[in-house]
Each structure stands twice: as C-alpha cells, then as structure tokens.
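# Survey of secondary and tertiary structure
Listed below are the residues making up each chain.
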Amino acid sequence: MTLVGTDVTMVGGLAKVTGAVNYAPDLVFPHMLYAKALRSPYPHAKLLRVDARKAERLSGVVAIITRDDLTGLNPYFGPVVDDQPVVATDRVRHVGEPVAVVAAESREIAEEALDLIEVDYEELPAVFDVLAAAKPDAPVLHTQRQETNAGVHREEFNFQLGGNVCSVFHVEDGDIEKGFRAADEIVENTYTLPPIQHGHIEPHAATAYWEPSGKLVIHSASQNPSGVQEQLAQIFRLPENQVRVIVPLLGGAYGGKTHARIEPAIALLARKARRPVQWVLTRDEVFLTGRRYGAVVKIKTGFKRDGTLVAREVVLFYDIGAYALNGPVNAKTGCYVASGPYNIPNRSLTTYSVYTNLPPTGPFRGVRVSHGCWAYESEMDDIARRVELDPLELRLKHLVKEGDIFVTGEKLVSVGIADCLRRTADAIGWRGKEEQARPPSGSNLVRGKGLAVTIKSTTTPTTSSASVRLNADGSAMLLTSSVDMGQGAQTSLAQIVGDELGLPFEKVSVSLPDTDVTPYDKSTSSSRTTFHMGQAAQKAAREIRSQLLDVGAKQLEARVEDLELRDGALCIRGTPDKRMTIAEIFKARFGSTVGSMFGGHCFHTQGGLNPKTGKGKAAVFWFFSACGAEVEVDIETGKVRVLRAITAVDVGKAIHPRMCGLQNQGSLLAGLGSALFEEMVYDNGQPINSNFLEYMLPSLEDHPREFHSLLIETPHPEGPWGAKGIGEAALPPVAPAIGNAIANALEGVRIRDLPIKPDKIVEALNFSKERS
Amino acid sequence: MGINISATINGRQKALTVRPNQTLLELLRDDLLLKGSVEGCGVGVCGSCTVLIDGRPVSSCLMLATNADGKEVTTIEGLVRHGELDPVQKAFLNHQAFQCGYCTPGMIMAVKGLLASNPRPTEEQARDYLSGNLCRCGTYQEVLAAVKELAEG
Amino acid sequence: MRYFELAEPSTLEEACGLLNDNGEAKVIAGGTALLTLIKHGIFIPKTLINLKKIKTAGDITYDGQKGLRIGALAAIYDVESSPLVRQYYPVLAEACHVVANIRIRNMATIGGNLAHGDYQSDPPTALLALDAGVELMSRSGEREVKVADFLRGSYETALQPGELVSALVVPPVASDLRGSYIKFTTGSSEERPCAGIAALASMENGVCRELRLVVGAVSPKPVRMRRGETMARGEKLTPELIERIAAEASRNVEPIDDLRGSAEYKRHLVKILVGRAVNACVRN
C-alpha cells in the first residue's frame, strides 16, 4: 500500500480554485428553458381547481405541467412509500408544495407566468406539532398509502394505517419493568430538537431532456443516480435503460440530495416542452424542499447508586413532514441506537415516524442518531452528577466493547469507541469529577468542558457495484455511481484502485456517475462509500490484477505469489529487472498494445432486522465517535462561545487522513450550529426564517479557536484496508458535548431543547436561582 | 429597455447591453458564461457570488448589472495570468482549502480583497474580514492557514 | 427578479426631479436591502431611480465648526475607513464596521441605510448618539432633520414623497468624548443585532461631564436614553449609579419577541449591556 493512508493531492482541486467546475446549475444546453414552480401557500388544503391556460398563452412560456398532465404515469413516488406526487393532485400537504411547474424562455418570464395560473384551494385543518400529529384525532395527511419496491426492505418498517403515524419501530432487551424496579433511582426527561437545514450552498438543480427515441436524460445534483433512475423509470413506465441519470460534482449535499425531489417534475415538464428544461431552486425553495426532521425524545433511565445503568426506556417521535421519503428508515435506524453505545441489560426503544404538514425531510448528516444522542448523552452527564461519578468514568463503565452483543442481538465488530472517548478526554484536558464541580469563577464568564459519544449504523443490507477498465498504456478508469460532493470519493476510490493495481495515483481516474455507463450503487449516503464502493472497486480491480499476474507468471516463468504490481509495471518481487510494463502484458495477452482489460464486482452486504422483534443484523459496520468541547458562557447575557472542540472518529483505516479531518471539521461546524442557533421556525406551517439572513450557518468567527480531529483506527475485517467510514460520524455527539460543557459551566443547569440560545440560558439560570 | 454599459471584465473592456432588473451575477453567468461565481443564497450572505469591483469585494447577486458601468470587474476566471495561478489560488491548493468547491471562488475573491486592503493580516483580522464568506463543508481552518501563508510570504 | 424600469440620473437634483414626477418610483442606492425585498416579492416596483451612477454625493468632509458631512452615497465601508471619521467620530467607524459583511459594506450607502429605517441596523444607533442630522433634498429645496426625528419606527422615516437623503451631518463633539459601539448577536456572529449599544462619555477627574447613551435594535427605532444621561451628568459614575442608569435604560425600550430572543430577555440584556458600555467609558 503506497496510496492508501497518505494525503495524496485531492482530485479536482485546480478546477475548484479556478472556478472551472461544471456544477449542475452551470450546465447549458441548446434551446434550454427555465423552470419555476407555483407553490402552495397553505399547509393543508384541497386542490379544487388548477387552470394554467392563461399562463400558457404568455409569450415565452413553452409548457406548464399540472395534475392534468399525469395520465399514463405512475404519479406517486418515494424511496419507501409511494406517497409523493409528481405535482400536487387532489390536495397540498405543506406550504411550498409544487402545484404547477412552468418552462419558459427566461426565468423572468417563468416567474411572471406563475401570477397567471389560477388555483382554488379549500383549506383543511393542519397539524404541525409531532405529538399532536400522532394522536388519533389529528387531521390526517394521507388517507391511503402504497408501498414501493425501490430496493428497500419494506417489510422492515411496520407501516401503520389510519392516522399520521407512518411507521413504528421497536426493539427491546431484558425486562424493562423488572429493570426499573431494580433501580435505586429513576430519572425521566423530554428532549426536543427543531427542524434544521442541510445548508448545501449549491441548491437542488437538474436539467432534463428527452431524446427523440423516447429516452429520458437528466443531469441532476443528486447523491443517488441509481435511485433516481429507478424512480423515474417507475414513474414514466420505462425500462431503466431508457432513463439516463448523469451527476456532476455536487456543491455540497449532506443528505439533502439523496432522493428524487425535483427530478420527476422536471422530467415531465421537459417531455411536454420537447426541449431541455433546467430547474435551479432558489434558497427559499430549498427550505421548502428538504430539511432534517424535528423530534421529541422521551427518555427514562433507571440506575443504581453506584451509577450502574439497569434500565432505559426511550420513545422518539420524528416529524417526517408531509411525505415519507425515508422517514421510516430513519425511524428504524434511530431506534436501536437510542439508548446509546452502552451495555444496559433492560431496555425498550420505540420510534415513531409521523407525518406533519411541514416540508418533507429525508436523510441528513448524522440523522439516524443525532436526536437520540442529544437525549442520552445529556442524561449521562446528569446521572453522573447525581451519583457523583466522573462522567468519563461513568461512560467507560458502560461502553460497548469488541464482541459485545448489541440490542439488536448482533455481535459488534471493530469497536474503537473507548479509544475515541479516552483520547478526546485527554485532548480536551479532562480533569475527571472536577469538571462537574467547578468553583464559581467570580466573574460573569464561566467555563466548562463536556464529553459525548455515539454509535451509528450504516444502511444494511445494500449493494454497490463497480467496474474498472485498464488501458494498454497503464492508465485505469474506475466506473462508479458514487457521487463526489466534496468528501473526496473521486480521490479515495482512486487510491484504493491504484494500490490494487500498483499504479501511480495520476494514472487512475474515477468517473462521474452516468447510469448509461456506471453500474448500480445504493447511494452516496450513510457514509457508506469508502466501505461499500471501496470494496466493490478493490475487488473489481483485483479481477484485473489476477489477469495481469496470470500473464506475467507465464511470461516471466514465475509463480503468481512471487509477482508484484508497482509503479505501473509487473515484476518479480526482489528482482526488479525481471519486469513487464502494462503495454507488454497487453501485447502478450492480445497480440497488440491496444484494447481494454475489465474487472467488475457487485458487492452486497447481508443483514436486516425482523420488524416484529427488531432483532437481526442492523449494520455491516458501526460508526463510533466522541466529541469534547470547552465553552465559555457569559451568565449575564447567556452568550456561549465554543473555545475548543475535539472530535474523534474510529474510521477503521484512514484512506486519506487529511480528507478525514476535513469531514470532521464539517461535522463539528454543523453540530455547533445545531447546538447553538440553527432552527427552522414556522408559524402555523408558514416558514418564518427560510433564507440565510434569518437562518444562519456557522461562520468563520463561530468556528472554535482550537479544533482538532482525531482518527482512531480499529480495522474492520471486511472493509477495504480495514476502513469503515467517516462522513457523518463526528456530528451527533457535538451538540450534547456542547450541552454538557454548558451544563458543567452552569453547575448543572441543563437546557433540554435545542438550540441553546442565550435567552434560554438566562431563563434557566433565573429559574434555578428562584428554586434555590 | 436595455441599458448600454461599458465595463472591464477580467481585464477586457466590453460594451454590453444589460436589462434594468439584471444583477451582475446574472450578467456574468448568463451573458458572459463566467460560471465560476455562483448563487448560494441570493441575499448577500453566503459570499459565493463574490467578485471584485475596482478591487473591492461585492455580492454580485445584489448588484445591478448596470452599476458595473465604468468599473473593473474581476471574477475568479480573471485570476490566472499568462497561465500562472494567482498566489491566493496556489495557497488554497497547498492547504487544500476546499471540499465541494462551491464556496471556493467567492472565498478566494474575498481573500484577494483582504490582502489588497491589508497585506499582512493577523489571524483575528483575517477571521473578521472573511467571516462573511460561508462554507458548510467545513474548510475554515485551511482557509486561515492559506491566508497565514500569504500574509507571511 | 421581476422586471422594472430604471432611470439613471447623474445628479441628486435630477433624481429629485424624477422622484417628483413619478409618485410610484423609488430610489435605489446600494440596493442590498431593496433588491432583497424585490426578490422576495415583498416589494414590486415599476420604476426605480438608480443613484449609483451619480459621481458626487459620496464625499466625506470635516470642518471644526460644522463637524462632519457625509454624502449620502458614501459606502458604509468608506465611512468606516475614512481617516476623518476614525479620528473625530471613532464610534461611528465602529458601528459601520460591524454591519453585515465586507461586501455589503462596499455596496450599501450610509444614506440608503438611514432611509431604509431598518431598526436592526448599527449605524443609526451611533449617529443618534452623535446627535447627527439628515439632510433631505427635494424639488422644493433642502431641509435638515435630526436623526432622532428622522427615524420614526420600524422601517418608517420622516421622508416625504419626492424627498431623498442627500447627506448626513454630524456636529462637532468634545474631543474627550469617548466610547464605543457594541453589537450583540444571540446566534451566529454574522446575524443581525439583537441589541446595539452606543455609549460615549467625557470624564474629568472621575466625574462625568457628559454621557451619551443610545440603545438600538431592541425597539422599533434606536432610543436615546436622556434620563440616564441626565442622571450621569456631573456625577461620579459609581457602580451603583451605573446600575441605576442601566435599569432606567432597560425600562425605556419596547422589545418584541422575535427569533433573536424574547422581549423579557431583551429587556434584561439591555440592562446588562448598558451597564457594561458605561463602565467601559469610565475605565477608558
């Protein structure tokens, strides 16, 4: 291994610093039209009439799609439940839902046309609070639901019918009642998290056109070309080879672009317009198109006086918005981790994914875990304070270890969590019990340190396929549907292939996704690419490797085991002058120095959970991470500054350590924002702060003066070079680490509702002063 | 309906006709096909549309195209001179101060603006000046490292 | 953006003429506030009068008798970086420096800032503390209105139809009148202010000769704390007196609940920040 584990120069840097990348919104096609959507102003309403005829007559308008254009299609789609219409049909279920989409010669004309579309609504009662929505008497959003067969194990979700609860997931261990009876003390609290934005600076963008043969081509900023291809094929009743999805580099995504959102509508519009149509959302529209769901987490923990946790019951309510997207998946994967990376003999974990009349949700960086983590890591510190134990020791006492059986009944493999936590504690200068017993500082500025850990799964089972093509000149191409959205997939996958074939880094290229050419991949999400596509790419390259070694063995009269590939050539180990170049191998194999050598591999993981019991194999590998934060709180104004932050992730093997550090920095910043100020605010379903003037992303000034990223390597037996993943891993513990640091600074005063804004701190301090 | 202006775009003087309601960003991207400046928020906050007007950074998404009349407009595409990268671009490459790259041109133009007004900024000065350019991927530390290298060089 | 016509006068007088002739037209200077409103469909103009092509009306001059005169079209950054402003009215430079970000400050004009009447803005708070005045121009002539009277409420000013801001005038202040502007945000550093405090004092032998105190961003317009200023005049600024001044200030704001904090919190915040601002004047 010469490339894997080193900080090779990231692919594509030159284009990025010269503004030469062709992102989805940059693409230009001849005779291209521009799209704009008319969106519902109501959170819940019957759609009585949609009449676009006047708008169609506006000069420059070429086509408009409404519910009248859905004949001949399967008009509903979704990765798990077919509940999302291409455009609104009989009703609208959230403010901003597209009712019509216009294609015109200019964006200005498209916008003007919206004013001419006549729509009659009949408002319906709406529901926005997740607990209210889960009640049987709440207004119901979906009176009938279907299932999709889009590559998800739908039987694993426990779909509910009749109300707004979309799905329920439950898993348990031991005997929860007995557990609580055995406890010396029981604490019970409710934690809440608001909806937040992904914040990808590039909005959703797609351009679609239809070839005369009836083939759909769509260029989309999507994390999921295979999934979008599948959805479009299903909607338009086409075989998949008649749908081509091409994905450029993405300007950030963090989960927000994982499922088909604008693609179905733009495809339909392009078909009607008979010209390429481009749709680039404005920032306000992005707020209406995707978000991280809010949640209410009820957590009850029973423990002994010596701090031993004996029972934990967690119930989580996820507000998944108007359409399911992968809400039920999140409910499942958020369920079994809801009690934390801890051995607790008796537990009962239940998650509800609930429809609300708010914009759709879906995947989000760290989403399977962040909500539960906010609750269980805050509780951990409060319990430590109660039993007067060092919060670090209390955690170490219960942390899962290699070989432990998790609540799903599976054995945990490659468990570096204790290392993550210890090294984080070291790096933040953790002084044990003292951290929860700081003497008053005598000034209005108080400091505190906090720790938090997490466990997260990767979506299992899934499939990633790759093919590698070796050219006679010794350069190679990896064909993959993995998307590079800044995390550096084009770099890390090239490192893996390069090492497998002994090629220098510059000789390996990674394609952009194009479903005409690149084989199936589940998606670039769940931080799964290094492990899954890395495996597929490595094994695909290995097929070529075998071919090369076989030829070499014959030609050099050596045994395969004695040969090695390095620096673009094959040689006998220890005898470098006995070598063959790739071109010479081609000549020997094919009789000429032209042609291609192929390798391909379809990598499947096995697993899944029994929906009735919640038991089985949830993840082919697990993410473990820790965060340490030091804060300074101004107790008079409530203002919090994060002075220092440490994140530690068990990556298995760092393919590119510097890029891993960059992922952690992004996770830290997003976590910091969610902890201290990010929240989407609604007034009866109307978004109040759906722009960057009012919804702030963390700035350079907000970034802690000191941040360190630590990488722990506990190799995974199935990962390429032992690698697991990192993209999201560091995010979930950030908010609780900051929350714990604040609580420790404030001598135990705890805020349970994110974000922790200054007014909440002042209120909590006043309240605690009044109480004492 | 069109307004005739004359502006210097990346060193080249151009006679242009712009619409009254056209922003500079739209002029650059739609008419001049300079796609390096991008729209992230449309309200002057994220900084991804940053270009220099007479050497000073502005949000091109909030500037009327007509106001480029008589001005020197510098976009990311104008930094490469005779095939050579600008020192800021080189520093960004050295420190890998980007991930997805969407905010990068704006960030680079902001750094150009910073160094034009303050060739040797302290870290605090750099933070203060650049804090108006947002990066969601999380590359602030590397940007500061690039600026430090440029300030010391 | 929706279409609008754009008139491009070359002098302020010409602009006034156009404004007078077309009752529906609005002036646009830096455009940072106005274009945001237009993009969100909050304001759909038919005609805008573009002031940015006017080459004059952006100068900053100082005269010992009359004080500072800032042309309305001076960019906020030009005000912030002007050696005259920095020397004679550093609090104004401070307040300008914390406005939004460097790009906005390069584009937005000080006249536009005043005319917009945004209550969550920083320069008006400092200008009020400096007793500044706004010069208004119209077809019928010119008039000067004190900032205190010009800012009427949230996005509400004393501008009459056909009028535009032509300059800001800041009277001379005692050379030992010193202080600062504090912008307080409750979220990101880049957020609009939750509160902005301008506090200036001239001290002699520990006794306060003059205190100027303004609280901005909390009420629909910045508020000059006259009562607090009176309490301070001629007195030694003890911690106890400062606390009373701060409490008085807190009683004289009209906060509302919004994304930046509850009304109750803001009232509390004003008390804390005013106390700190006045204390800082004493220490310096």
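Residues numbered from 1 in each chain as written. Chains lettered and ligands numbered in written order. Predicted model: local features only at pLDDT ≥ 70, side-chain atom pairs only at ≥ 80, totals over all residues. Heavy atoms only, no water.

### A short note on the interface of chain A and chain B
Where interface size is given, it is often the accessible area lost as the parts come together that is meant. Counted only if it meets this: Any pair of residues with heavy atoms lying within 4.5 Å of one another is described as a contacting pair. Summed over both partners, the accessible area (1.4 Å probe) lost when two parts come together is defined as the buried area. Here, a salt bridge means any Lys or Arg side-chain nitrogen found within 4 Å of an Asp or Glu carboxyl oxygen.
Between chain A and chain B, the contact holds 47 residues from the first and 48 residues from the second. Summed over both partners, the interface of chain A with chain B buries about 4,100 Å², with 55% contributed by carbon and sulfur atoms. For chain A, the biggest contributors to the area lost against chain B are Val17, Ile201 and Leu700 of chain A; these three give 19% of the whole. Between chain A and chain B we count five salt bridges in total. Residue Arg705 of chain A pairs with Glu124 of chain B through a salt bridge whose shortest N-O separation is 3.1 Å.

### A few points about the environment of Leu389 of chain A
All names here are of chain A. The condition is simple: Secondary structure is summarised from DSSP: a helix means a run of H or I of at least four residues, a strand means a run of E of at least two, and numbering begins at the N terminus for each. Think of it in three bands: residues with accessible area under 20% of the maximum for their type are buried, residues over 50% are exposed, and the middle band is partly exposed, with areas taken using a 1.4 Å probe on protein chains only.
Tracing the chain through its elements places Leu389 in the loop between α10 (367-387) and α11 (391-398). Overall, the relative accessible area of 25% leaves Leu389 in the partly exposed class. Taking the C-alpha atoms as reference points, Leu389 and Glu434, 45 residues apart in sequence, are found 9.9 Å from one another. Excluding its chain neighbours within four sequence positions, the residues that come into contact with Leu389 are Asp306, Gly307, Ala384, Leu394, Lys433 and Gln436.

### Some points on the nonpolar core
In plain terms, the rule: Here, the term nonpolar core denotes a set of buried Ala, Val, Leu, Ile, Met, Phe, Trp, Tyr and Cys residues that are joined through side-chain atoms within 4.5 Å.
Of all hydrophobic cores here, the largest spans 165 residues; its most connected members are Trp622, Leu676, Ile738 and Ile742 of chain A together with Phe92 of chain B. Sorting elements by how many residues they give to this core places α10 of chain A first, with ten residues. Leaving out residues up to four positions away in the same chain, Phe92 of chain B has contacts with Val17 of chain A together with Ala97, Phe98, Thr104, Met107, Ile108, Val111, Val143 and Ala146 of chain B. One finds Ile5 and Ala68 of chain B together with Leu68 and Val173 of chain C within the second-largest nonpolar core, a separate group that totals 72 residues.

### Comments concerning the packing of α10 of chain A against α11 of chain A
Residues and elements named next belong to chain A. Threshold: Only the stretch in contact is used when a helix axis is fitted, and all axes are lines through C-alpha atoms; the angle between N-to-C directions ranges over 0 to 180 degrees. In this scheme, a crossing is called left-handed if the near helix is turned counterclockwise away from the far one by less than a right angle; it is called right-handed if the turn is clockwise. Ten residue types, Ala, Val, Leu, Ile, Met, Phe, Trp, Tyr, Cys and Pro, are classed as nonpolar, four, Asp, Glu, Lys and Arg, as charged, and the remainder, Gly among them, as polar.
At a closest axis distance of 9 Å, the pairing of α10 and α11 adopts a crossing angle of 115°. Note that α10 runs across α11; the crossing there is right-handed. Along the contact surface, α10 presents Glu377, Met380, Asp381, Ile383 and Ala384, while α11 presents Pro391, Leu394, Arg395 and His398. When its residues are assigned to classes, the contact of α10 with α11 shows five nonpolar, one polar and three charged.

### Regarding the packing of aromatic side chains
We apply this condition: Classification of ring pairs uses Phe, Tyr and Trp, with its six-membered ring standing for Trp, and accepts pairs whose centres are within 6.5 Å; under 30 degrees between planes counts as stacked, over 60 as edge-to-face, and the remaining range as tilted.
For the coordinates displayed, the defined rule picks out 20 aromatic pairs over all chains. Between Phe531 of chain A and Phe621 of chain A, the ring centres sit 4.6 Å apart and the planes meet at 45°, which makes this aromatic pair tilted. Of this pair, Phe531 of chain A sits in helix α14 (residues 529-556) while Phe621 of chain A sits in the loop between β27 (616-617) and β28 (622-634), placing them 90 residues apart in sequence. In terms of burial, Phe531 of chain A and Phe621 of chain A fall into one category: buried. With centroids separated by 6.2 Å and ring planes inclined at 70°, the aromatic side chains of Tyr62 of chain C and Tyr89 of chain C adopt a geometry described as edge-to-face.

### Section: the pattern of salt bridges
Counted under the stated rule, the structure contains 72 salt bridges over all chains. Taken together, the shared-partner salt bridges in this structure form one network comprising Arg49, Asp51, Arg53, Lys54, Glu118 and Asp120 of chain A.

### Description of the sheet that holds strand β22 (residues 563-566) of chain A
All names here are of chain A. To keep things clear, this is the line we draw: Any two strands are treated as partners once DSSP identifies two or more bridges connecting them.
Strand order in the open sheet made by the three strands is β22-β23-β24, with antiparallel pairing throughout. Each edge of the open sheet carries a strand with a single partner, namely β22 and β24 (575-581). Recorded for the sheet is a direction-independent mean angle of 35° between the axes of neighbouring strands. Pairing analysis gives four bridges linking strand β23 (residues 569-572) to β24, with the strands arranged antiparallel. Pairing of Ile572 across the sheet is with Thr575, part of β24. Running over the sheet, α14 touches β22, β23 and β24 and is turned about 125° from β22. Where helix α15 (residues 582-590) meets the sheet, it contacts β23 and β24, and its direction lies at approximately 60° from that of β24.

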